[in-house]
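Inside the fold
Residue-level listing of the chains:
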Amino acid sequence: MARLNGHAVNRIVILTGAGVSAESGLATFRDSGGLWENHDPMLIATPEAFARDPDLVYRFYNARRSQLDNVLPNAAHRAIARLQQAFSGDVFLVTQNVDDLHERGGSGQVCHMHGQLRSMLCKKCGAAQPAADDYDRSTRCPRCGVVGGLRPDIVWFGEIPFHMDTILARLRVCDLFIAIGTSGVVYPAAGFVREAVVSNALTIEVNRELSDVTGLFHLRRRGMATTEVVALVEELLAD
Ligand code: OAD
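The sections below set out a description of the structure shown in this document. (Residues numbered from 1 in each chain as written. Predicted model: local features only at pLDDT ≥ 70, side-chain atom pairs only at ≥ 80, totals over all residues. Heavy atoms only, no water.)

Topic: the site of the ligand
Counted only if it meets this: Near is defined per residue: the residue qualifies when any heavy atom it owns lies within 4 Å of the molecule or strand. Throughout this description, a polar contact denotes any pair of N or O atoms lying within 3.5 Å of each other; where both atoms belong to protein, one of them has to be capable of donating a hydrogen while the other can accept it, and for residues adjacent in sequence the pair is counted only when both atoms sit in side chains. All accessibility values rest on the Shrake-Rupley procedure with a 1.4 Å probe; residue burial counts only the protein chains present in the view. In this analysis the probe radius is 1.4 Å and the grid spacing 1 Å, with only protein atoms considered; a cavity is a set of points the probe fits into but cannot get out of, a pocket is an open set with protein on both sides within 12 Å along at least five of seven lines, and lining residues have an atom within 4 Å of a point. For this analysis, a molecule is said to be in a pocket or cavity if more than half of its atoms are within 2 Å of the grid points defining it. Note: domain ranges come from an automatic or database domain assignment.
Close contacts around the ligand come from 24 residues, with Phe29, Arg30, Thr182, Ser183 and Asn207 the closest. Within the contact set of the ligand, a nitrogen atom lies 2.9 Å away from a side-chain nitrogen or oxygen of Glu23. Here an oxygen atom of the ligand and a side-chain polar atom of Arg30 are 2.7 Å apart. For the ligand, whose unbound accessible area comes to 800 Å², protein coverage reaches 97%. Assessed atom by atom at 2 Å from the grid points, the ligand resides in the largest pocket. Of the residues that make up the shell around the ligand, three or more belong to each of domain 1 (2–26 + 73–114 + 161–237) and domain 2 (27–70 + 116–154).

Following this line, the structure appears as structure tokens:
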């Protein structure tokens, strides 16, 4: 069992947001130059937007998926994976990110609460399938063969995030909660720190700026994820 600031640590929950992938070259959503600065999320990331203009939505997510071929995991992704592999206790990783950089950084367990760019969902048969190439409304579902039923396997505004029961169960028993690179604007993820505090967990925020929920954390590490996460993981593994 490790100790951090005098607090015994055996079960860790890590929540990541777009900030953990920023230094890999993927734009965040709400920083200056972020994705939602140039796109209205209500015209892209809602079921209504998809019904109104599916081609726009397919184009947006196809472009983001193909961008993954040109980026690499960074030191923060790798440090989290190292913690998962080397820590004597349990490390549960939940991400709001739809990229695959945690997996490529070596994480064997990643809970994608907002879905994944490399997956597409068939509305006809309900199956999630790997999305290796561009797809649109003319693409046939590889499972049921129906044309026109595929949508991005992404949780849009107004939809319920995936795996909530598992995440809340982990938060209930964790003794350390770490949020990395997330603005604390989007719920339910922004509320996880409250759940962790109720569980008597120590809570740490890693962010280069203040988030909307900074005041709820016991400790704050102000700085870039590649620096701060690496240092924090070293501290947890050194003990
Ligand atoms: P945001 O873009 O809202 O916030 C990114 C956060 O990362 C900000 O608080 C930045 O200060 C911080 N940040 C940026 N670069 C960093 C770095 N190098 N090191 C440390 N921190 C850094 O992204 P999320 O909070 O992930 O949902 O957004 C949450 C959800 O809103 C997303 O999953 C997405 C979006 O709408 C869906 O698309 C469903």
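Here's the deal with empty space enclosed by the protein
A water-sized probe rolled over the atoms picks out the places where empty space is left. For clarity, the cut-off: Grid points are joined across faces, edges and corners, and a volume is the space filled by probe spheres set on the points. Residue classes follow a fixed rule: Ala, Val, Leu, Ile, Met, Phe, Trp, Tyr, Cys and Pro count as nonpolar, while Asp, Glu, Lys and Arg count as charged, and any other residue, Gly among them, counts as polar.
All told, the structure shown has 3 cavities of 30 Å³ or more when counted by the stated rule. Looking at the largest cavity, the residues that line it are Leu15, Phe177, Ala179, Thr182, Gly184, Ala189, Ala190, Phe192, Val193, Glu205, Val213 and Phe217. Along the lines of polarity and charge, the residues of the lining of the largest cavity split into 9 nonpolar, 2 polar and 1 charged. For the second largest cavity, the calculated volume is near 40 Å³. Around the second largest cavity sit Tyr61, Asn62, Arg65, Gln116, Leu117, Ser119, Tyr135, Pro152, Asp153 and Ile154, which together line it.

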